[in-house]
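Close look at the chain arrangement
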Amino acid sequence: MVSRRFDRFIDALATTVVSERACNQYSRIEGDLRGNAIRRRNLRLYLGELDRIGPRMLLIGEAVSYRGGRLSGIAFVSEAVMLGGIDSHALGADRGYRKATSGPKLSTEASATMVWGTIRDIEPLPMLWNAFPFHPFRPGNPYSNRAPAPAELEIGAHFIEWLLRLFPFDTIVAIGNHASASLTRLGVEHEKVRHPSQGGKQKFVAGMANVGRTT
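What counts and what doesn't
- Residues numbered from 1 in each chain as written.
- Predicted model: local features only at pLDDT ≥ 70, side-chain atom pairs only at ≥ 80, totals over all residues.
- Heavy atoms only, no water.
- Pairing = 2+ DSSP bridges.
- Helix = DSSP H or I, 4+ residues; strand = E, 2+ residues; numbered from the N terminus.
- Axes fitted to C-alpha atoms, helices over the stretch in contact; angles between N-to-C directions.
- Salt bridge = Lys/Arg side-chain N within 4 Å of Asp/Glu carboxyl O.
- Buried < 20%, exposed > 50% of the residue type's maximum accessible area, 1.4 Å probe, protein only.
- Parallel < 35°, antiparallel > 145°, perpendicular 65-115°, else oblique.
- Contact = heavy atoms within 4.5 Å.
- Nonpolar A, V, L, I, M, F, W, Y, C, P; charged D, E, K, R; others polar.
- Polar contact = N/O pair within 3.5 Å; in protein donor to acceptor, adjacent residues only side chain to side chain.

Here the focus is the sheet that holds strand β2 (residues 57-63). Taken in spatial order, the four strands make up an open sheet running β3-β2-β5-β6, and their pairing is parallel. The open sheet has two edge strands with one neighbour each: β3 (127-132) and β6 (191-193). Ignoring strand direction, the axes of neighbouring strands in this sheet form an average angle of 30 degrees. As judged from the four bridges shared by β2 and strand β5 (residues 171-175), these two strands associate in the parallel manner. For L58, the partnering residue across the bridge sits in β5 and is I172.

Quick look at the pattern of salt bridges now. All chains considered together, the criterion is met by eight salt bridges. In this structure, R44 and D7 form a salt bridge, with 2.8 Å as the shortest nitrogen-oxygen distance. One end of the pair, R44, is in helix α2 (residues 33-53); the other, D7, is in helix α1 (residues 7-14), and 37 residues separate them in sequence. In this structure, K99 engages E79 in a salt bridge whose closest nitrogen and oxygen atoms are separated by 3.9 Å. Of this pair, K99 sits in the loop between α4 (79-85) and α5 (110-119) while E79 sits in helix α4; the two residues are 20 residues apart in sequence, bridging distant segments of the chain. An identical accessibility class is assigned to K99 and E79; each is buried.

Next up on the list: the packing of α1 against helix α6 (residues 150-166). Look at α1 against α6: their axes get within 11 Å of each other, and the N-to-C directions meet at 170 degrees. Viewed along their axes, α1 and α6 adopt a mutual orientation that is roughly antiparallel. Contacts from R8, F9, A12 and L13 in α1 reach F159, W162, L163 and L166 in α6. Residue composition of the contact of α1 with α6, grouped by class: seven nonpolar, no polar and one charged.

If you check which residues of α5 are buried, you get S111, A112, M114, V115, W116 and I119. Where α5 begins, the capping side chain belongs to E109, and its oxygen is found 3.2 Å from the backbone nitrogen of S111.

Let us look at unusual backbone geometry. Trans is the common state for peptide bonds, and a negative phi is the common state for residues other than glycine. For the bond from E123 to P124, the omega torsion is -10 degrees, close enough to zero to count as cis. Tracing the chain through its elements places P124 in the loop between α5 and β3. You will see that F76, though not glycine, has its phi angle at about 55 degrees, which is positive. Within the secondary structure, F76 is located in the loop between α3 (69-72) and α4. Classification of F76 by relative accessible area gives buried; the value is 9%. At Q198, a position not held by glycine, the phi torsion is positive, near 55 degrees.

Pasting the structure below:
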């Protein structure tokens, strides 16, 4: 049974107002309401799975991508990863995760594949989140990604602090500059690794290996 202690957290996400240059993929009031309900359920399942695993590490990216968490509801998780494209402890169709979009094709997202390929052997499995837990896009193009604005990072900071109260993490890792800046403003001690996008895969993998040696 999925823990109910995450309901307030998910409800807060679902009622957060974002700008016209961003999408709240959990919203109860606008957008794809049916798909958003599935994404909220996927996130609740994920949090429940991680609660049972007992993660000691939190990895925080910059923002949700349009081919990853925007569709699945889970940070750094494309539909392909969510439904079993990568062997992991926490995901898989047999665990109740559902596709929120129509059609048989599963979305893929390079950063999601690289991140899961790197963390899947870490014990216990780390939790994944974003400094801005919604999808920011370029004006007029919802099928694009952009860096989160300072005001958006302020919105996300509230949810980072909430997660830190929900889970007793030993290690916090920022994936990219915006995540590191958010954690610094919050006064949260953390490690920083290169974001795997735009040719950063090897530096990301090396950074995570270094974190593993120092924790």
